[in-house]
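Chain by chain, the residues:
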Amino acid sequence: PHASLKLGADNVELNDFRMHYHAMQIEETPEGQRARVRARIRNVGPIAASYGLDGLSGALEMDARIGGALGFPDVELKAELRRPVLRWDEGEVTGTSAKAQISLIRGDLTIHDLHFASDAGDARLLGKIGLLDPPHPVARGESGAFIPAVRAVQAVDLQLSISDAELAPWSDLIHPQLEARGRLELQASIVGTTKKPRGKFGIHLRDGAIRGQPVVALNLAGELDEHEVRVDFLSLDADQAAQFEAKGRYGYDKSIDFELDLERFELGEVRELAALPVAISGNGNAHLRATGTLDKPEISGGLRLFGLGVGDRAIGDVALVATTADETIHLAGALLPWVSIALEVPLKKEGSYYARIGMEGLNVLQAVPELRRIAVLDDAQVTGMIEFFLESDFSHYQALAYFTDVQLESFGQNIRNRGPFIAGINNGEILQIQQATFGTGGRFVSVQGGVVFDPAMIDVRVEGDLDLGLLNSLRSGFPEFFPEVFVESKGYVMVDANLRGTPGNLVADGQLSFGPSEIVLRPLAEPLVITSGEVRFNRDGVFIAQARPLTGNALGGMLRVAGDMRFEDLKPKTLDLRMWSHNMSYRIPDMANLTFDTNLRLQAQDIARMDSWLVSGEVNVLDGLYYREINLVEKQLTGRVLGAFNRRAERYETNLLDQIPALKEIGFNLAIRARDGFKLRTQVDRMELDLEFRVDLRLRDTLEHPRVTGNIDVIDGSVSFQGETFEVRSGTVRFSDKLDNPYIDIIAGTDVRNTCRQSDGLDEISSTMSLSANVDAGLQQYYHIVLNVRGNLDNLDIHFESNPYADQRDILSMMLTGCTVDQLTASSASRPTLEIALGPLIGRLEKEIQDVVKVEEFTIMPGVERTQLRIGDTLTRRLSWRFQLDTGFAESAGGQQYQLEYKLSDNWSAELSERSRSETNSFLIDLKLKYRLPLD
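Residues numbered from 1 in each chain as written. Predicted model: local features only at pLDDT ≥ 70, side-chain atom pairs only at ≥ 80, totals over all residues. Heavy atoms only, no water.

To continue, consider the overall build of the protein. Within the protein one finds 10 helices and 55 strands. The 936 residues of the protein split such that 37% are buried. Summarising the internal contacts of the protein: among those between residues at least 6 apart in sequence, 43% fall at separations of at least 24. (Helix = DSSP H or I, 4+ residues; strand = E, 2+ residues; numbered from the N terminus. Buried < 20%, exposed > 50% of the residue type's maximum accessible area, 1.4 Å probe, protein only. Contact = heavy atoms within 4.5 Å.)

Look at any regular strand and the pattern is simple: side chains alternate between the two faces of the sheet. Pairing analysis gives 9 bridges linking strand β32 (residues 443-453) to strand β33 (residues 456-467), with the strands arranged antiparallel. The partner of Gly 450 across the bridge, within β33, is Asp 459. Between β32 and the antiparallel strand that follows it, β33, lie 2 residues. Both β33 and strand β34 (residues 486-502) contribute to a ladder of 10 bridges, which runs antiparallel. Across the sheet, the residue bridging to Arg 461 is Asn 498, located in β34. (Pairing = 2+ DSSP bridges.)

Mapped onto the elements of the fold, Tyr 783 is located in strand β48 (residues 781-792). Among the residues examined, Tyr 783 registers a relative accessible area of 10% and is labelled buried. The spatial distance from the C-alpha of Tyr 783 to the C-alpha of Met 814 is 9.4 Å, given a sequence separation of 31 residues.

Below, the discussion takes up the pairing of strand β14 (residues 180-193). Relative to β14, strand β13 (residues 155-166) runs antiparallel, the two being bridged by 10 bridges. Each residue of the ladder has a partner; that of Glu 166, found in β14, is Arg 183. The sheet contact formed by β14 and strand β15 (residues 197-210) spans 12 bridges and is antiparallel. Within the sheet, the bridge partner assigned to Ala 188 lies in β15 and is Phe 201. Connecting the antiparallel pair β14 and β15 is a turn made up of 3 residues.

Two side chains with opposite charge may pair up if their charged atoms get near one another. A full pass over the atoms with the stated rule returns 31 salt bridges. A salt bridge links Arg 206 to Glu 185; the nearest nitrogen and oxygen atoms lie 3.8 Å apart. Of the two residues, Arg 206 is situated in strand β15 and Glu 185 in strand β14; the sequence distance between them amounts to 21 residues. Judged by its relative accessible area of 28%, Arg 206 falls in the partly exposed class. (Salt bridge = Lys/Arg side-chain N within 4 Å of Asp/Glu carboxyl O.)

Here the focus is the packing of aromatic side chains. Evaluation of the coordinates by the stated rule reveals 3 aromatic pairs. Summarising the aromatic geometry, the rings of Tyr 354 and Phe 389 are spaced 5.0 Å apart at their centres and angled 50° between planes, so their arrangement reads as tilted. Within this pair, whereas Tyr 354 is found in strand β25 (residues 352-363), its partner Phe 389 is found in strand β26 (residues 379-391), the two being separated by 35 residues in sequence. Between Phe 403 and Phe 421 the ring centres are 6.0 Å apart and the planes differ by 15°, which places this aromatic pair in the stacked class. Note that Phe 403 is positioned in strand β27 (residues 397-410) and Phe 421 in strand β29 (residues 421-426), a separation of 18 residues in sequence. (Phe/Tyr/Trp six-rings, centres within 6.5 Å; stacked < 30°, edge-to-face > 60°.)

Structurally, Ser 255 can be placed in strand β19 (residues 255-266). Looking at Ser 255, its side chain comes within polar contact range of the side chain of Asp 253, at 2.7 Å. Once residues lying within four places of it in the same chain are set aside, the contact partners of Ser 255 are Arg 249, Tyr 250, Gly 292 and Thr 293. (Polar contact = N/O pair within 3.5 Å; in protein donor to acceptor, adjacent residues only side chain to side chain.)

What follows covers a nonpolar patch on the surface. There is a patch of nonpolar side chains on the surface, built from Leu 86, Trp 170 and Ile 174 and spanning about 250 Å² of accessible area. Considering the arrangement of structural elements, one finds Trp 170 in the loop between β13 and α2 (171-174). (Patch = residues over 30% accessible without salt bridge, like charges linked within 9 Å, V, L, I, M, F, W, Y side chains within 5 Å. Areas by Shrake-Rupley, 256 points an atom, 1.4 Å probe, with all protein chains shown as cover.)

A word on the side chain of Asp 467. Inspection of the secondary structure puts Asp 467 in strand β33. Although buried, Asp 467 forms no salt bridge, and the nearest oppositely charged side chain, Arg 443, lies 5.8 Å from it. Polar contacts involving the side chain of Asp 467 include one to the main-chain amide nitrogen of Gly 469, which spans 2.8 Å. Residue contacts for Asp 467: discarding those within four places in its chain leaves Gln 413, Thr 440, Gly 491 and Tyr 492. (Lys, Arg positive; Asp, Glu negative; His and termini not counted.)

Backbone phi values are negative for most residues with the exception of glycine, while trans is the configuration of most peptide bonds. Omega for the peptide link from Asn 803 to Pro 804 comes to 0°, which places this bond in the cis form. Mapped onto the elements, Pro 804 comes out in the loop between β49 (795-803) and α8 (808-817). In this structure, Arg 83 is a non-glycine residue whose phi angle is positive, near 50°. Within the secondary structure, Arg 83 sits in strand β6 (residues 73-88). We note that Arg 106 has phi near 50°; this positive angle belongs to a residue other than glycine. On the secondary structure map, Arg 106 appears in the loop between β8 (97-105) and β9 (108-118). Owing to a relative accessible area of 59%, Arg 106 belongs among the exposed residues under this scheme.

What follows deals with the environment of Tyr 805. Turning to its location among the elements, Tyr 805 is positioned in the loop between β49 and α8. On a C-alpha basis, the gap between Tyr 805 and Ile 785 in space is 9.2 Å, while along the polypeptide they are 20 residues apart.

In this section: the environment of Ile 341. Considering the arrangement of structural elements, one finds Ile 341 in strand β24 (residues 339-346). Setting aside residues no more than four positions away along its own chain, Ile 341 makes contact with Val 318, Leu 320, Leu 331, Ala 332, Gly 333, Ala 334, Leu 335 and Arg 356.

This prediction gives the protein a mean pLDDT of 77; 77% of its residues lie at or above 70. Low confidence marks residues 758-779, where pLDDT is under 50. Its contacts with residues over four positions away, or in another chain, come to 38 contacts. Across residues 827-853 the pLDDT falls below 50, and counting only partners more than four positions away or on other chains, this stretch makes 58 contacts in the model. (pLDDT = per-residue confidence, 0-100.)

Below is the structure:
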């Protein structure tokens with residue numbers, strides 16, 4: 001712990017002295033010879049640390065010869081450090097060996113050889129330094145050691161060489177942000193003095209990189225003196241990224257002055273740009289000058305980019321001017337020919353990137369053609385700027401838009417902003433709308449708030465007058481958010497609402513106050529008009545108060561709606577709406593025209609299930625017309641036989657259920673009433689109904705399968721049959737579940753006149769029959785006929801009564817011919833044409849019937865003398881027809897015959913036939929009334 005060393009008259013005190021040498025030997029030599037010191041040290045780390053060389057380690061072998069005065073010795077040293085390791089905070093270098101052969105003779109330090117060898121390259125230093133002056137002699141009587149003096153002028157003559165050295169381990173020692181790698185070759189020489197050195201150097205770097213940017217080759221040559229290092233030539237080949245040359249100076253006070261020329265650099269190959277979230281493409285040239293200091297450089301010059309592209313978008317050419325302020329490179333210029341650009345590139349690693357793009361009347365659709373894919377915009381022009389902030393490690397970015405003027409055109413609407421539009425997006429995660437007020441036609445709506453993208457969250461406030469015409473544009477661009485029944489809208493609604501939550505669980509809190517508006521819905525022939533009303537909504541549901549209902553017009557009448565829609569777990573669950581209307585009109589194709597008032601209630605226990613919906617209340621018909629035309633002959637005979645050859649297209653008119661299929665599942669419980677004003681006009685074959693009713697019906701179940709019950713009582717009207725008009729005495733139309741086939745019970749009367757002469761008889765027997773209408777005024781007789789019509793609409797039972805009495809066949813005969821049956825069979829008259837007799841009942845049959853027509857009978861009977869063809873079918877329960885073709889040569893046999901039979905009741909039927917003769921080209925018409933007499 002304590003020792004003292006006496007050196008002549010001087011004492012040296014040693015405290016806490018330790019020797020850690022593994023082996024050390026000091027040899028005594030004869031007088032006049034140099035002493036020899038040899039050492040073997042397993043690890044020189046502790047010794048090196050005491051001299052400030054922290055991190056150096058290795059095994060040392062040393063052999064030194066020391067002579068001369070203790071204060072001014074001569075030394076010859078040979079040393080070898082095996083497996084040397086040099087460590088620092090961020091790296092280390094391991095060598096294979098480090099050898100030194102050094103001498104200090106008469107104050108001159110000579111480096112005969114200082115060589116460091118490693119797998120990462122070799123370094124060698126040779127030369128001489130004038131280090132010490134001899135000590136001054138001590139004056140007589142003074143005590144003190146002989147201590148040498150450091151020379152005031154230290155001459156230097158050194159040569160340094162580095163070959164095939166890997167640069168990466170030394171990069172942080174050179175500069176912490178250099179990020180250098182590659183193989184380095186260096187040759188340098190220094191002469192002069194340590195205070196005024198002069199030297200030259202040359203550096204070659206191959207297959208390396210600087211700041212992560214690949215470098216094919218770097219060549220550097222220059223000189224140095226006591227003030228600075230001058231770069232006479234610097235060339236860098238960064239492969240496809242850039243080719244540039246530079247020259248300048250670097251002062252030991254860290255001052256710099258460099259000029260740099262870049263040619264053919266490719267933006268897509270620059271590492272910093274390649275790391276951006278979007279791909280940057282293009283090429284350019286630049287001339288830059290850097291002055292100031294290394295810590296605070298000042299950069300100026302110009303930059304020109306050609307064919308700049310961002311992602312898949314072609315931007316164009318860019319011209320920029322570079323300056324430096326506050327340790328940031330500022331680039332200002334224009335994106336030709338549209339916008340101005342300002343960029344800020346930090347010189348410090350902890351800085352952030354900045355860009356500002358200014359626009360003056362920029363046509364957005366030309367600048368960003370991809371927007372044309374969205375069918376919403378026809379034109380868009382903006383004036384303002386967009387700012388971008390990007391962290392140096394590209395981990396976060398922010399974009400801010402500030403537009404003073406925005407003009408959009410969408411489907412003929414001009415949409416503009418009022419006040420600046422300010423919105424920002426943060427790292428692609430949050431959209432923040434600070435101010436946005438847009439509108440058209442003098443009405444504006446403002447939006448403020450934010451949207452988080454992942455997970456999707458919305459917090460937005462909307463207020464102002466929303467022009468509903470904007471919905472037309474949104475529907476065209478985003479049809480998936482609109483129901484199919486929506487066509488277009490116009491008008492406005494005052495909005496004051498907050499929207500919060502996720503898209504699937506959005507909580508809206510606020511109100512909508514409607515002004516005069518029109519909404520066109522596909523099923524309605526006329527727009528739905530809303531004149532006023534207020535809708536309130538919150539997390540519990542949507543509410544329309546009785547005091548502020550939605551009022552307007554629909555289906556040509558007035559409308560008022562109130563009620564609520566309740567939420568469960570923020571989703572629509574139940575519905576309860578009341579609707580009052582007056583003088584509304586609706587048409588059911590091929591069935592009815594209605595004008596009505598309503599007092600309805602729409603309820604749904606589960607909105608998602610259409611079968612839980614129910615419409616109840618009452619409908620009061622103010623004016624209506626129910627019409628059906630059922631022509632059994634045309635429908636069954638002509639439609640089935642002749643229609644098989646008819647290819648004419650008919651107009652198809654969809655009904656409400658086809659347009660809104662969801663209505664098929666909604667339930668109904670409606671009372672349908674009409675005090676008067678409801679009419680029925682229907683034709684069944686030759687019977688026509690023209691009636692006015694009093695209605696009391698109830699509609700239940702669904703519109704697809706309705707159940708209609710109740711009665712329709714006849715107030716006034718007439719029934720026409722076979723050309724005669726019967727005034728209705730009483731009548732009822734009764735619905736029993738089926739809407740399109742009611743039961744009819746009508747009693748009507750009329751006067752029919754007998755126009756035949758009683759003396760007419762059979763004049764001659766011929767092949768033709770004629771009906772005569774010569775009237776003897778004295779023998780005219782009127783019959784009061786009562787028509788009884790009963791049965792369902794598609795199967796009516798018609799029964800006649802008369803006063804004076806006439807049987808059914810005479811009544812029907814008088815209505816058809818004006819004569820009784822007996823008078824008809826005893827008369828002769830001119831022949832009516834086939835078209836007059838058969839036209840209202842059967843029309844004309846085609847000459848050929850193809851096998852595609854399905855009939856009950858189709859028989860061919862061939863023979864030597866004749867061939868017969870028979871075709872027949874029963875069309876309905878009451879109507880049947882037959883056709884027969886005979887090719888017999890005999891006049892009495894050959895020809896063709898048509899026959900039509902209509903069953904008037906269970907006992908009565910009418911048969912009408914026409915027969916033509918092939919030889920004489922003449923034909924017969926037979927009209928028969930048949931009565932089936934029950935025998936049981």
